[in-house]
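Notes for the structure review
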Amino acid sequence: MQIGKASIKFEEPPIIESMASIVGKKEGQGPLGKLFDVVEQDDMFGADTWEKAESALQKQTADLAIEKGDIRKKDIRYLFAGDLLGQLIATSFGTVDLEIPLFGLFGACSTMGEALNLGAMTVAGGYADKVMAMASSHFATAEKQFRFPLSYGNQRPYSASWTVTGCGAVVLAKHRKEGIAAVTGITTGRMVDMGIKDSMNMGAAMAPAAFHTIQQNFDDFQVDESYYDKIITGDLGQVGRTILLDFMKNKGHDLETVHMDCGIEMYNSEEQDTHAGGSGCGCAASTLCSYILPKIQNGTWKRVLFVPTGALLSTVSFNEGETIPGIAHAVVIENMGNLS
């Protein structure tokens, strides 16, 4: 059922049937380290280039999600997946052996939210019994493409974030009473451009988009922050979180206690020198599959608004002096008990 300007409330909500998360060594040393399915000690993942390493990361995570759910690959109708690299090369090379029809997605760090939006609509619309949603990032591939080669050893400002080496994958299936959690609604974001040009301050570029999508969700569903046990953004970091909370407060919404950010949760910023926090497509995706969904499944949280956030820039646009638009896609995820 379509409601409001940008949201859908599903009459028969798709369920999350399986999930998997794999991360790198640094992520495994962070506060969530024990929650991931696999912490790979070799950030090369046995490959001879960083890009091949990220492809291997995706393939391993997809295989693990299929294995954990005791699912046959041939029963997954579509794969919605993406990464940060040009032409989605981590995804295209990483998923080729899965032999699942692919929709390659780019929403920057919001990609997991985009994949869940599209996957949930596809299942709820009756076009597939099962789909997979997946997103990855790798610290070294992102630094190499967007900033500087690692060998430069360049200094980072305190507003900078640390790209997560990680991947998260979920399998969405048709509505039923058993599952990890249910996707009961979505709010699809639009691009928001506040004129930010600092590529080392992604939080400032993404916070306005997070604000717009959360406010749109409130308006469309006719709810406020009290409706959710947690409102979880993808990777705003400390800087972006402060901006988001200020924007929401100006609209009469106090998110101080209900808000959580995956990028802040991922690392101990002081001990691990990650400055503002974590970022990258794999940040929200791996946190969802290791930390958020288990808490929804066990009833700690009954209803969560999951809002991955993305900064839509490229090396070309940045070097040509363009601004950095942001986007955020929201997913309403609920405990299975809420369906009864």
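Quick summary incoming for the structure in this document.

Reading guide: rules and limits
Residues numbered from 1 in each chain as written. Predicted model: local features only at pLDDT ≥ 70, side-chain atom pairs only at ≥ 80, totals over all residues. Heavy atoms only, no water. Helix = DSSP H or I, 4+ residues; strand = E, 2+ residues; numbered from the N terminus. Rg over C-alpha atoms; globule rule 2.2 N^0.38 Å. Buried < 20%, exposed > 50% of the residue type's maximum accessible area, 1.4 Å probe, protein only. Contact = heavy atoms within 4.5 Å. Lys, Arg positive; Asp, Glu negative; His and termini not counted. Charge placed at Lys NZ, Arg CZ, Asp CG, Glu CD. Expected span 1.5 Å × (residues − 1). Axes fitted to C-alpha atoms, helices over the stretch in contact; angles between N-to-C directions. Left-handed = near helix turned anticlockwise from the far one by under 90°. Nonpolar A, V, L, I, M, F, W, Y, C, P; charged D, E, K, R; others polar. Phe/Tyr/Trp six-rings, centres within 6.5 Å; stacked < 30°, edge-to-face > 60°.

1. Some points on the overall build of the protein chain
Assigned secondary structure in the protein chain consists of eleven helices and 17 strands. At 18 Å, the protein chain has a C-alpha radius of gyration in line with the 20 Å of a compact globule built from 340 residues. Dimensions of the protein chain, computed from the C-alpha atoms along their principal axes, are close to 55 × 50 × 35 Å. Here the protein chain holds 340 residues, and 60% of them are scored as buried. Within the protein chain, counting contacts between residues at least 6 apart in sequence, those at least 24 apart form 79% of the total. Averaged over its 28 positive side-chain charges, the protein chain has a centre that lies 4 Å from the centre of its 41 negative ones.

2. With respect to helix H4 (residues 111–124)
The end-to-end C-alpha separation of H4 is 20 Å, in line with the 20 Å expected for 14 residues at 1.5 Å each. Among all positions of H4, only Thr-111, Met-112, Gly-113, Glu-114, Ala-115, Leu-116, Asn-117, Gly-119, Ala-120, Thr-122 and Val-123 are buried. One or two residues past the end of H4 sits Gly-126, with phi positive at roughly 85°.

3. Focus: the packing of helix H6 (residues 202–221) against helix H7 (residues 237–250)
As a packed pair, H6 and H7 sit with axes 8 Å apart at the nearest point and diverge in direction by 40°. When you trace H6 past H7, the crossing you get is right-handed. Here Gly-203, Ala-204, Ala-207, Pro-208, Ala-210, Phe-211, Ile-214, Gln-215 and Phe-218 of H6 come into contact with H7, specifically with Gly-240, Ile-243, Leu-244, Phe-247 and Met-248. Residues of the contact of H6 with H7, tallied by class, amount to eleven nonpolar, three polar and no charged.

4. Details of the packing of aromatic side chains
Here the structure, examined in full by the defined rule, presents six aromatic pairs. Aromatic pair Tyr-227 and Tyr-228: ring centres 5.0 Å apart, planes at 80°, arrangement edge-to-face. Tyr-227 sits in the partly exposed class, given a relative accessible area of 29%. What makes Tyr-228 buried here is its relative accessible area of 4%. Joined through ring pairs, the aromatic side chains of Tyr-78, Phe-80 and Phe-103 make up one cluster.

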